[in-house]
Amino acid sequence: MITIYNFAGGARGFRIAWQCEEMGLAYTPVSLPYPVPDDYRAKYPPGSVPFLEDEGGVAIGESIAIMLYLAGRYPTPLLPRDPALLARTLQFALFAETTLGGTMNPLMAAKFGAPEADKRNWSVRMGEAGIAAGLAWLASELGDRPFLVGDALSLADIAIAPALGIWKGALGGAVPEPLEAWRARLAERPAHAKARDAFPRG
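Per-chain numbering applies: the sequence of each chain, read as written, is numbered from 1 onward. Side-chain atom pairs in this predicted model are given and counted only at pLDDT of 80 or more, local residue features only at pLDDT of at least 70, and totals for whole chains, interfaces and linings cover all residues. Hydrogens are left out, water is left out, and the side-chain values use all remaining heavy atoms of the structure.

## A look at the overall build of the protein
Piece 1. Put simply, DSSP marks the helices as runs of H or I at least four residues long and the strands as runs of E at least two long, and each gets a number from the N terminus on. The secondary structure content of the protein amounts to eight helices and four strands.
Piece 2. Starting at the N terminus and walking to the C terminus, you meet the elements of the protein as β-α-β-α-β-β-α-α-α-α-α-α.
Piece 3. Computation of the radius of gyration draws on C-alpha atoms, with the globule rule given as 2.2 Å multiplied by the number of residues to the power 0.38. Taking 202 residues into account, the globule formula puts the C-alpha radius of gyration at 17 Å, and the protein, at 17 Å, falls close to it.
Piece 4. Across its three principal directions, the C-alpha atoms of the protein cover 50 × 45 × 25 Å.
Piece 5. Burial statistics for the protein: of 202 residues in total, 45% are counted as buried.
Piece 6. The contacts of the protein with a sequence gap of at least 6 include a subset with a gap of at least 24, amounting to 70%.
Piece 7. If you sum the accessible surface of the protein, you get close to 9,800 Å²; carbon and sulfur atoms cover 59% of it.
Piece 8. Charge assignment in this entry is limited to Lys and Arg as positive and Asp and Glu as negative, and neither His nor the chain termini are counted. Charge positions come from single atoms, namely NZ of Lys, CZ of Arg, CG of Asp or CD of Glu. Within the protein, the 21 negative side-chain charges are centred at a point lying 3 Å from the centre of the 19 positive side-chain charges. Exposed residues in this analysis have more than 50% of their type's maximum accessible area, buried residues have under 20%, and partly exposed residues fall in between, with area computed by a 1.4 Å probe over protein chains only. Working rule for contacts: check all heavy atoms of both residues, and any pair within 4.5 Å makes them a contact. A 1.4 Å probe and the Shrake-Rupley method give the accessible areas. Residues count as covered only by the protein chains that appear here.

Written as structure tokens, this is what we have:
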């Protein structure tokens, strides 16, 4: 049985629950407080979420790594076999964290923890500009298609959409209209709603 550890409303753990729902994989959601308790750190010393346990002694952190693990162990159309579509899916999935999420982490630290004089420093402004450029590129790549890759939902969509939620919700950033409409369509999927229910906000 798959167990997913996450914070209530945590966007990165939501990715994993959403993927499991789309794939029809049973899982147990475990909501953690912040800061995480010692027994969780004993299980996963970095103390971050999400974290997944699976049969056979599997224990893995980092949301994109977890997504790829699940798609490898339980093959799914969410990770296309066509080489061109596969390459595009992997590119977008990693872009969700290496460019978007990895930049948003220090932006959130600055917004919620930095002294007032440092909240709008040079690195914050540079990070915001980089994300804005990245979102403009994503919007152009999406165009008028319903999904980022091919004609069906993929790991690319599941990885990117929650990152935009962090940008808009936690950081108050602007999301280009095509991406906002795409996120709204994805939110109508039954699997999306079930995943939200797994880790509701407190």
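So that's the structure; there's more coming.
## Focus on the side chain of Asp157
Piece 1. Secondary-structure assignment places Asp157 in helix 6 (residues 155-170).
Piece 2. The salt bridge definition used is simple: a Lys or Arg side-chain nitrogen within 4 Å of an Asp or Glu carboxyl oxygen. No salt bridge is formed by the buried Asp157, whose closest oppositely charged neighbour, Arg189, lies at an N-O distance of 7.8 Å.
Piece 3. Dropping the residues within four chain positions of it, Asp157 is found in contact with Trp18, Phe147, Leu148, Ala152, Pro162, Trp182 and Leu186.

## Quick word on unusual backbone geometry
Piece 1. Across the junction of Tyr34 and Pro35, the peptide omega takes the value 0°, indicating a cis bond.
Piece 2. Along the polypeptide, Pro35 turns up in the loop between strand 2 (27-32) and helix 2 (38-43).
Piece 3. Cis geometry is found at the peptide bond from Val49 to Pro50, where omega equals 5°.
Piece 4. In this model, Glu62 sits at a positive phi of 75°, which is unusual for a non-glycine residue.
Piece 5. Position of Glu62 relative to the elements: it lies in the loop between strand 4 (58-61) and helix 3 (63-73).
Piece 6. Looking at Glu62, the relative accessible area reads 52%, which means it is exposed.

## Points about the pairing of strand 2
Piece 1. Strand pairing is defined by DSSP finding a minimum of two bridges between the two strands. Pairing analysis gives six bridges linking strand 1 (residues 2-7) to strand 2, with the strands arranged parallel. Counterpart to Phe7 in the pairing with strand 2 is Leu32.
Piece 2. At this point the chain moves from strand 1, through helix 1 (residues 11-23), to the parallel strand 2, and the crossover so formed is right-handed. Orient the strands so they point away from the viewer; a crossover is then right-handed if the path from the first strand over the helix to the second runs clockwise.

## Brief notes about the packing of helix 1 against helix 6
Between two packed helices, the angle of one axis relative to the other and the distance separating the axes together describe the packing.
Piece 1. Relative orientation of the contacting elements helix 1 and helix 6 amounts to 150°, with a least axis distance of 9 Å. Overall, the two elements helix 1 and helix 6 adopt an arrangement that is roughly antiparallel. Every pair of crossing elements has a handedness; the one defined by helix 1 and helix 6 is right-handed. Contacts between helix 1 and helix 6 involve Ala11, Arg12, Phe14, Arg15, Trp18, Gln19 and Glu22 on the former and, on the latter, Leu155, Asp157, Ile158, Ala159, Ala161, Pro162, Ala163 and Ile166.
Piece 2. Residues are grouped as follows: Ala, Val, Leu, Ile, Met, Phe, Trp, Tyr, Cys and Pro are nonpolar; Asp, Glu, Lys and Arg are charged; all remaining types, including Gly, are polar. Its residues assigned to classes, the contact of helix 1 with helix 6 comprises ten nonpolar, one polar and four charged. Fitted lines through C-alpha atoms serve as axes, helices being fitted only where they are in contact, and the angles separating the N-to-C directions of these axes extend from 0 to 180 degrees. To sort the angles, those under 35 degrees are grouped as roughly parallel, those over 145 as roughly antiparallel, those from 65 to 115 as roughly perpendicular, and the leftovers as oblique. Crossing handedness is defined as follows: a turn of the near helix away from the far one that is anticlockwise and smaller than a right angle gives a left-handed crossing, while the clockwise case is right-handed.

## Regarding the pattern of salt bridges
Piece 1. Counting across every chain of the model gives nine salt bridges.
Piece 2. For the salt bridge of Arg73 with Asp54, the shortest nitrogen-to-oxygen distance reads 3.3 Å. Here the residue Arg73 occupies a position in helix 3, and Asp54 occupies one in strand 3 (residues 51-54), the gap between them amounting to 19 residues.
Piece 3. Here Lys168 makes a salt bridge to Glu180, at a shortest N to O gap of 3.2 Å.

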